[in-house]
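Breakdown of the fold
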Amino acid sequence: FKGKAEYMVTWAPATNVFTDEDATIPYVAGASAKKVYYKGQTEGYEDLVMNVSSGNGCPLVKTFNIRTVVITDAVAEDQEFCGAVPISDLVATGQEGAAFKWYRQATGGVVLAPTTIVTTGTYFVTQIIGTCESTTRVPVQVIIKTKPIAPISPNRNICGTAVLSDLEVTYD
């Protein structure tokens, strides 16, 4: 809440309301706090009421309907592929309606584009529901195996019948 005048801003109910971003310092009911953080414990909707008093007898009451979405960690097994594949080929599962983000780092870093070519190593996946992302990046070991090179065989014309030993196949 922003304003030039000195306002008293209180919140109700005080349950699940905190004064710090990490949600470790609970808001004390009746205390003035222009900025609070909400951390719901169960999935669903709850009303959070802000009461603003400026001392001039003209109070402001604003109700926020807050939706809590509980997101579990993504589930993914280690994966193996033959030849180059894009990130979009990696498989993870999660809650209904979830999308997934892949990273190379356990923390920090950037989300990998779906077209990023995967190499052998560890990738990390989270799941997204709406704008909410799971907090744990699940590690996934990826192994890229070398594809065998296709054999080289000259075109051959065969008149009549031939036996397999008549065909020559070489590898590069």
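Residues numbered from 1 in each chain as written. Predicted model: local features only at pLDDT ≥ 70, side-chain atom pairs only at ≥ 80, totals over all residues. Heavy atoms only, no water.

**Considering the overall build of the protein chain**
To keep it simple, the criterion reads: Where helices and strands are cited, they refer to DSSP runs of H or I of at least four residues and of E of at least two residues respectively, numbered from the N terminus. A 1.4 Å probe rolled over the protein chains alone gives each residue an accessible area, and that area as a share of the maximum for its type sets the label: buried under 20%, exposed over 50%, partly exposed in between. Each accessible area value is a Shrake-Rupley result obtained with a 1.4 Å probe; residue values ignore everything except the protein chains displayed when judging cover.
Regarding its fold elements, the protein chain presents zero helices and 10 strands. The N-to-C order of helical and strand elements in the protein chain reads β-β-β-β-β-β-β-β-β-β. The buried share among the 172 residues of the protein chain stands at 26%. For the protein chain, the accessible area works out to roughly 11800 Å², and carbon and sulfur atoms hold 55% of it.

**Side note on the nonpolar core**
Basically, it comes down to this: The definition of a nonpolar core used throughout is a set of buried Ala, Val, Leu, Ile, Met, Phe, Trp, Tyr and Cys residues joined through side-chain atoms within 4.5 Å. Residues are treated as being in contact if the distance between any of their heavy atoms lies within 4.5 Å.
In terms of nonpolar packing, the biggest core is built from 15 residues, with Ile-87, Leu-90, Trp-102, Val-118, Tyr-123, Val-125 and Val-142 touching the most fellow members. Mapped onto this core, the elements with two or more residues apiece are strand S8 (121–129) and strand S10 (138–145). The element that contributes the greatest number of residues to this core is S10, accounting for three residues. Leaving out residues up to four positions away in the same chain, Ile-87 has contacts with Trp-102, Leu-112, Ala-113, Pro-114, Thr-116, Val-118 and Tyr-123. By size, the runner-up hydrophobic cluster in this structure holds 10 residues, among which are Val-17, Tyr-27, Ala-33 and Ile-66.

**Quick look at the side chain of Arg-137**
Which entries qualify depends on this criterion: Only four residue types enter the charge count: Lys and Arg as positive, Asp and Glu as negative, with His and the chain ends excluded. Here, a salt bridge means any Lys or Arg side-chain nitrogen found within 4 Å of an Asp or Glu carboxyl oxygen. In protein, a polar contact requires one atom able to donate a hydrogen and another able to accept it; more generally it is a pair of N or O atoms within 3.5 Å, and residues adjacent in sequence count only if both atoms are side-chain atoms.
In this fold, Arg-137 is placed in the loop between strand S9 (132–133) and S10. An unpaired buried charge is present at Arg-137: no salt bridge exists, and Glu-133, the closest side chain of opposite charge, is 5.3 Å distant. A distance of 2.6 Å separates the side chain of Arg-137 from the backbone oxygen of Gly-108, its partner in a polar contact. Contact partners of Arg-137, with chain neighbours within four places excluded, come to Tyr-103, Gln-105, Ala-106, Thr-107, Gly-108, Phe-124, Val-125 and Thr-126.

**Some points on the pattern of salt bridges**
Across all of its chains, the model carries two salt bridges by this definition. When the shortest N-O distance is used, the salt bridge between Glu-80 and Lys-145 registers 2.9 Å. Of this pair, Glu-80 sits in strand S6 (residues 79–82) while Lys-145 sits in strand S10, and the two are 65 residues apart along the sequence. Lys-101 is paired through a salt bridge with Glu-133; the nearest N and O atoms lie 3.7 Å apart.

**As for unusual backbone geometry**
Of note, the amide linkage connecting Ala-12 to Pro-13 takes the cis form, showing an omega dihedral of -10 degrees. Positionally, Pro-13 belongs in the loop between strand S1 (8–12) and strand S2 (17–18). You will see that Asn-16, though not glycine, has its phi angle at about 70 degrees, which is positive. For Asn-16, the location among the structural elements is in the loop between S1 and S2. The residue Ala-23 is not glycine, and still its phi comes out positive at about 60 degrees. Considering the arrangement of structural elements, one finds Ala-23 in the loop between S2 and strand S3 (37–38).

**Quick word on the environment of Val-138**
In this fold, Val-138 is placed in strand S10. Taking the relative accessible area as the measure of exposure, Val-138 reaches 15% and is therefore buried. When the C-alpha positions of Val-138 and Tyr-123 are compared, they lie 8.2 Å apart, and in sequence the two are 15 residues distant. For Val-138, the contacting residues outside a window of four places in its chain are Asp-73, Ala-74, Tyr-123, Phe-124 and Val-125.

**Regarding the packing of aromatic side chains**
What describes a pair of aromatic rings is the distance from one ring centre to the other and the angle between the planes of the rings. Quick note on the threshold: The criterion for an aromatic pair is that two Phe, Tyr or Trp rings (for Trp, the six-membered ring) have centres within 6.5 Å, with stacked assigned to planes under 30 degrees apart, edge-to-face to planes over 60 apart and tilted to the rest. Put simply, a charge is over a ring when the Lys NZ or the Arg CZ is close to the ring centre, within 6 Å, and near the line of the ring normal, within 35 degrees.
Tallied over the entire structure, the rule returns one aromatic pair. Plain terms: the ring middles of Trp-11 and Phe-64 are 6.2 Å apart, the flat faces sit at 35 degrees to each other, and that makes the pair tilted. Taken as a pair, Trp-11 in strand S1 and Phe-64 in strand S5 (residues 60–68) lie far apart in primary sequence, 53 residues in all. Of the residues examined, Phe-64 reaches a relative accessible area of 32% and is grouped as partly exposed. Residue placement shows Arg-104 over the ring face of Tyr-123; its charged tip is 4.2 Å from the ring centre. The residue whose ring lies beneath Arg-137 is Tyr-103, and the NZ or CZ to ring-centre distance is 3.4 Å.

So yeah, pure geometry; function would need other evidence.
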